[in-house]
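# A look at the structure
As a plain string of letters, each chain reads:
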Amino acid sequence: MSFNPLVSVIINCYNSEKFLKYTIESVLLQKYKNFEIIFWDNCSTDKSKKIINSFKDSRIKKYFSKR
């Protein structure tokens, strides 16, 4: 029996559109598959929200600060 614990990858974002797509893709391409991405956006004013919303993976949990 193998043990595959859930790994949480936390991404804190503020105006990170330049690196965000690459960052998410890098995590999704890992061989280990039992993970979740917890994405927290700190009121970005760039295209970060649009980029993260373009990913349709149920392992990505998205949170957006209101202030």
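Residues numbered from 1 in each chain as written. Predicted model: local features only at pLDDT ≥ 70, side-chain atom pairs only at ≥ 80, totals over all residues. Heavy atoms only, no water.

### Points about the overall build of the chain
- Scanning the chain from N- to C-terminus turns up two helices and three strands.
- Across its three principal directions, the C-alpha atoms of the chain cover 45 × 20 × 15 Å.
- A total of 67 residues make up the chain; the buried ones form 28% of that total.
- Across the chain, every contact between residues at least 6 apart in sequence was considered, and the portion connecting residues at least 24 apart equals 67%.
- Counting every atom, the chain has about 5200 Å² of accessible surface; 57% of that belongs to carbon and sulfur. (Helix = DSSP H or I, 4+ residues; strand = E, 2+ residues; numbered from the N terminus. Buried < 20%, exposed > 50% of the residue type's maximum accessible area, 1.4 Å probe, protein only. Contact = heavy atoms within 4.5 Å. Areas by Shrake-Rupley, 256 points an atom, 1.4 Å probe, with all protein chains shown as cover.)

### Focus: the pairing of strand S1 (residues 7-13)
- One ladder, built from seven bridges, connects S1 with strand S2 (residues 35-41); its direction is parallel. Each bridged residue has a counterpart across the sheet, and for Ser 8 the counterpart in S2 is Glu 36.
- In this fold, the crossover linking S1 to S2 by way of helix H1 (residues 17-28) has right-handed handedness. (Pairing = 2+ DSSP bridges. Right-handed = clockwise from strand over helix to strand, strands pointing away.)

### As for the pairing of strand S3 (residues 60-64)
- Pairing between S2 and S3: five bridges, direction parallel. In the sheet register, Trp 40 faces S3, and the bridge partner there is Tyr 63.

### Comments concerning the sheet that holds S3
- Within the open sheet, the three strands sit side by side as S1-S2-S3. Their pairing is parallel. Two strands close off the open sheet at either side, each with one partner strand: S1 and S3. Looking at each pair of strands side by side, their axes are set apart by 15° on average, direction ignored.
- Together, S1, S2 and S3 form the strand contacts of H1, whose direction differs from that of S2 by roughly 165°. (Axes fitted to C-alpha atoms, helices over the stretch in contact; angles between N-to-C directions.)

### A word on the environment of Ser 8
- Turning to its location among the elements, Ser 8 is positioned in strand S1.
- Classification of Ser 8 as partly exposed rests on a relative accessible area of 39%.
- The sequence separation of Ser 8 and Leu 20 amounts to twelve residues, and the corresponding C-alpha distance is 17 Å.
- In contact with Ser 8, not counting residues within four places along its chain, are Glu 36 and Ile 38.

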